[in-house]
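Close look at the chain arrangement
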Amino acid sequence: MASPRYSETRARIRPALRLTYVGMWAERITRAFWPFWSVVFVALGLLMLGLQDFAPVEAVWAGGVVTVGAGLWALVSGLRQFRAPLVDEAEARLDARLKGRPLQTLRDAQAIGEADPASRAVWEAHQARMAARAAGATAVAPDLRVSQRDPFALRYIAVLLLATALLFGSIWRVGSVTDAAGNGAALASGPTWEGWVEPPAYTGLPTLYLADQSDQLEIPEGSRITLRLYGEVGALTIAETVSGRTEDLPAASDPAQSFDVATDGQLTIDGPGGRSFDVAVLQDNPPLVQVAEGLEVSAMGEMSFPFRAQDDFGIRSGEAVISLDLAAVDRRYGLARAPEEREDIVVPLPMPITGAREEFIETLIENFSEHPWSNLPVRFTLKVTDDLEQSSEPAEVEMALPGRRFFDPLAASLIEQRRALLWTRENAADVAQVLRAVTHDADNVFRSATQYLRMRTIQRRLETFAAFDMTVEQRDEIAQALWDLAVILEDGDINDALARLQRAQDRLEEAMRNGASDQEIAELMQELREATDDYLRQLTQQAQRDAEQNGQQQGQQQSPGEQMEMSQNDLQEMMDRIQELMEQGRMAEAQEALRQLQELMENMQVTQGQQGQGQGSPGQEAMEGLAETLREQQGLSDQAFRDLQEQFNPGANQGESQGNQGRNGGQGQGESHEGQQGQGQGQNSQGQQGQPGQPGQQGQQGQQQGQGQGEQGLEGQLADRQQALRQELERQRNGLPGAGSEAGDAAREALEEADRAMRGAEDALRQDDLPEAIDRQADAMDALREGMRNLGEMMAEQQQGQGEQGNQQSAQNPTGNDPLGRTPGSEGNMSSNENLLQGEDVYRRARELLDEIRRRTGDSERPDIELEYLERLLDRF
């Protein structure tokens, strides 16, 4: 009989005991019936995936028998192995997990010493300790592992198949197994059938349930008919003449049949409840494509080629084939020889991204400017294809292959030679000869040394390739280099307003002479308008800066003969008139109007202030010294370039050195100070070292050393001049103001970089390495410009507090007219309705303009007229 302490303890651990008992049930069911539920999971997974819908009826029957047999065997085997757990077994398992088996101890009785009080006290203490230990018991987890009984993990395969069916199948498909096998209801009610018509996916038409359709059936070609026969096999049969099948025909009584509709015919289901359909096939006509109106070509050669396409159910794809019309090519000059074989150009036609494709208009946008056939007669052939692989009749049009047109004469000649080289490699020698002729008079042809050096490199490589059987890769390399150089020559590296304006005028005039298209002329006119606006804005800002710098002296007006005053509206009207004349085809009058516009712009000058202002600030003096150093460095670079050019074309620079001394060779400052120039010519060059506070001495030194270099022709003289210039830069750097400020420190770092570049140029000159020297001199000039820009920012920061004083100086101008004759309004508005900067921003912008003018003055690659204009501006500061 159990003790009261045992009953009390057992009541306290009843939840843990109950969970242990349930766990033992789960454990024994799992171990006994895992084969049974594995079979169930496999069968259920296959049915949910719809395997019975695709398998033959015989296979479904066989699979069902095997599945049922396996399930019965697993169930019987599980029942034989299963033994229901007892509560005592659960208590024994729980007690076995506790130390000392306290539950069993509580059920024991004292065998000896029961009459001894001491012995009984020890027993009671032991019972109490075991009761406390048993009270802390927790449920024992069941052991559900059956790996020893299933070493091949077949149960996991069953679980995986069921999980896949739950994700990708449907529980409702399980019922279709009765349809595939033939159920008792169908046998009782007699045979029946079902059918579906599924049009091709590209038609976008819905699937039709055949039993709901009329006897006259119209369906698209390629539709798929699916039929299912239920009931006794052979009670219903199928006969059809729409598929066109002659081989591998299935039995007419097959319960499941599918075929594609190819022609008109009949579909008959013979038997009880059968029907007959007259099937008419809706023909899918071939697509159509046409060339639409509105072909456009931009000034950069981008072609917009519109086309129209249509089809019964939609266009799938299309392509444009471009072939050379050799019979229409003007076979002269570089095109006289037979061309090399070249594949036709094939480009895909764009299709609508959204919306229907039955009928649409799209635009083929391509740029064939770099193709050898650019601007040559070609034949465009358009074709489109539908989803039935039917192709349209080709739509052809003959025209010149659109491409970029070059209006710069040198760039146009390079493009012509490039086309001749791509036409056939037999033209390589002729092209090299033409390029050599172009580089003969480099000073009058090229605007920069970089362009000339690139041209010489192309010429020499072309001559080398031509002498050793030029390959296709070498030809393409030369062609790409010619294209890149032509683009540089055409577009240029123009940053300032005046040069950009002159460039736009020259390109427009060249386009008039060459008969450019209306769109090209419109884009060039827009370029001219933008360049004119930039130039007028620059003049206005410079006039405002002059008013602030010169005070009352700015108020003195020039005579009408010294300044051309006109409004921006007048210029706009003139450009509108030019465009109107060109649109009307009156090119002669348009050219005359453009000439008048050029003359007006050339006569437009910024009002000159009076000279002789007092000593500038330290920052101003440093800026002037750096600008003078930059011009000296540019002169040295020009002289090194002429010496390098003389190595390629001996004697090519003879007769030009005297004419170039006015701008190159270190005499840029001498031009701006004629009195100093005259003084420098009467002195010995060795006695002139630029000293602080003596503007113009570097110009005198550069002029005299340039003359000595012209006489001696030695690189050592250039190296000595480079050394002297570097020492002068070091002196200027040591005296640079603005120490401690961010902009001032940045200026010093830039000048240190210029010093290192000058030192490298000096070493290269002493080693007769002129190309390396020119590169290092270019680096030095870039660093000098960066230093001047940082110095200008430092000076602008120092002048931010002078806005009120600048306004007082501006008020001293009684008329306030800017160089275009416009008067300021009440709120900073000009008569052209253009807002100008006011307040402190004026000083910052004025300083930026001054720095930009100094930077451009040191660039000898700019046109002479621009350099003269910039030097006149610098004379006033």
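As a reminder, the structure under discussion sits directly above these lines.
Residues numbered from 1 in each chain as written. Predicted model: local features only at pLDDT ≥ 70, side-chain atom pairs only at ≥ 80, totals over all residues. Heavy atoms only, no water.

Take a negative patch on the surface next. A contiguous patch of negative charge, built from Glu742, Asp745, Glu749, Glu752 and Glu797, is present on the exposed surface. If one sorts the elements of the negative patch by residue count, helix α25 (residues 742-766) sits on top with four residues. Tracing the backbone shows Asp745 in helix α25. (Patch = residues over 30% accessible without salt bridge, like charges linked within 9 Å, V, L, I, M, F, W, Y side chains within 5 Å. Areas by Shrake-Rupley, 256 points an atom, 1.4 Å probe, with all protein chains shown as cover. Salt bridge = Lys/Arg side-chain N within 4 Å of Asp/Glu carboxyl O. Lys, Arg positive; Asp, Glu negative; His and termini not counted. Charge placed at Lys NZ, Arg CZ, Asp CG, Glu CD. Helix = DSSP H or I, 4+ residues; strand = E, 2+ residues; numbered from the N terminus.)

So, on to the environment of Val146. For Val146, the location among the structural elements is in the loop between α6 (117-135) and α7 (154-168). Val146 gets classed as buried once you look at its relative accessible area, which sits at 2%. For the pair Val146 and Glu27, spaced 119 residues apart in sequence, the C-alpha separation works out to 9.5 Å. Once you skip the residues sitting within four places of it in the chain, Val146 turns out to touch Thr30, Arg31, Trp34 and Arg155. (Buried < 20%, exposed > 50% of the residue type's maximum accessible area, 1.4 Å probe, protein only. Contact = heavy atoms within 4.5 Å.)

Before going further, it helps to spend a moment on the sheet that holds strand β12 (residues 315-324). On the basis of which strands lie adjacent, the open sheet formed by four strands has the order β13-β12-β15-β16 and antiparallel pairing. Whereas interior strands pair on both sides, the edge strands pair on one side only; in this sheet they are β13 (345-348) and β16 (395-400). Between one strand axis and the next, the sheet turns by 20° as a mean value, whatever way the strands run. Sheet topology note: the β12/strand β15 (residues 377-386) ladder contains nine bridges and is antiparallel. (Pairing = 2+ DSSP bridges. Axes fitted to C-alpha atoms, helices over the stretch in contact; angles between N-to-C directions.)

Right, let's get into helix α3 (residues 57-81). In this model, α3 (25 residues) spans 36 Å end to end at C-alpha, consistent with the 36 Å of a helix rising 1.5 Å per residue. All of the buried residues along α3 are Val60, Gly71, Ala74 and Gly78. (Expected span 1.5 Å × (residues − 1).)

One open sheet holds the four strands; their spatial order is β2-β1-β4-β6, and the pairing between them is antiparallel. Because the sheet does not close on itself, it has two edges, and the strands there are β2 (208-209) and β6 (256-260). Here five bridges tie strand β4 (residues 224-230) to β6, and the two strands are oriented antiparallel to one another. For Ile225, the partnering residue across the bridge sits in β6 and is Phe259.

The next subject is the packing of helix α11 (residues 428-438) against helix α13 (residues 449-467). Packing of α11 against α13 brings their axes to within 9 Å, and their N-to-C directions diverge by 155°. Taken together, the axis directions place α11 and α13 in an arrangement best described as roughly antiparallel. Note that α11 runs across α13; the crossing there is left-handed. Across the interface between the two elements, Ala428, Ala429, Val431, Ala432, Leu435, Arg436 and Val438 from α11 touch Met455, Arg456, Ile458, Gln459, Leu462, Glu463 and Ala466 from α13. Split by residue class, the contact of α11 with α13 holds ten nonpolar, one polar and three charged. (Parallel < 35°, antiparallel > 145°, perpendicular 65-115°, else oblique. Left-handed = near helix turned anticlockwise from the far one by under 90°. Nonpolar A, V, L, I, M, F, W, Y, C, P; charged D, E, K, R; others polar.)

Moving on, we come to a nonpolar patch on the surface. Where nonpolar side chains cluster on the molecular surface, the patch consists of Val42, Leu46 and Leu51 and spans about 220 Å² of accessible area. Note that Leu46 resides in helix α2 (residues 14-48).

Formed by 60 residues in total, the largest nonpolar core has its most connected members in Leu414, Leu435, Leu462, Leu626, Leu784 and Leu791. Mapped onto this core, the elements with two or more residues apiece are α10 (409-423), α11, α13, α14 (472-491), α19 (618-648), α24 (715-734), α25 and α26 (770-798). For this core, the element with the most residues is α26, which contributes eleven residues. Those residues in contact with Leu435 that lie beyond four places of it in its chain are Leu414, Met455, Ile458, Gln459, Leu462 and Leu482. In terms of nonpolar packing, the next biggest core, distinct from the first, is built from 28 residues, Phe305, Val347, Phe360 and Met399 among them. (Core = buried A, V, L, I, M, F, W, Y, C linked by side-chain atoms within 4.5 Å.)

This paragraph deals with the pattern of salt bridges. According to the stated counting rule, one finds 35 salt bridges in the structure shown. The residue Glu91 makes a salt bridge to Arg10 at a minimum N-O spacing of 3.1 Å. With Glu91 in helix α4 (residues 87-96) and Arg10 in helix α1 (residues 4-12), the pair connects residues that are 81 residues apart, well separated along the chain. For Arg10, a relative accessible area of 25% corresponds to the partly exposed category. For the salt bridge of Arg93 with Glu27, the shortest nitrogen-to-oxygen distance reads 3.1 Å. With Arg93 in helix α4 and Glu27 in helix α2, the pair connects residues that are 66 residues apart, well separated along the chain.

This part covers the packing of aromatic side chains. Using the criterion set out here, one finds ten aromatic pairs in the structure. For the pair Phe307 and Phe360, a centre-to-centre distance of 6.4 Å together with 80° between the ring planes defines the contact as edge-to-face. With a gap of 53 residues between them, Phe307 in strand β11 (residues 302-310) and Phe360 in strand β14 (residues 359-367) connect regions that are remote in the sequence. These aromatic residues form a ring-pair network of at least three members: Trp25, Phe33 and Phe82. (Phe/Tyr/Trp six-rings, centres within 6.5 Å; stacked < 30°, edge-to-face > 60°.)

The subject of this paragraph is unusual backbone geometry. We note that Arg101 has phi near 45°; this positive angle belongs to a residue other than glycine. Here Arg101 shows up in the loop between α4 and α5 (102-107). Overall, Arg101 belongs to the partly exposed group, its relative accessible area being 38%. One non-glycine residue, Asp469, adopts positive backbone phi at about 55°. Note that Asp469 resides in the loop between α13 and α14.

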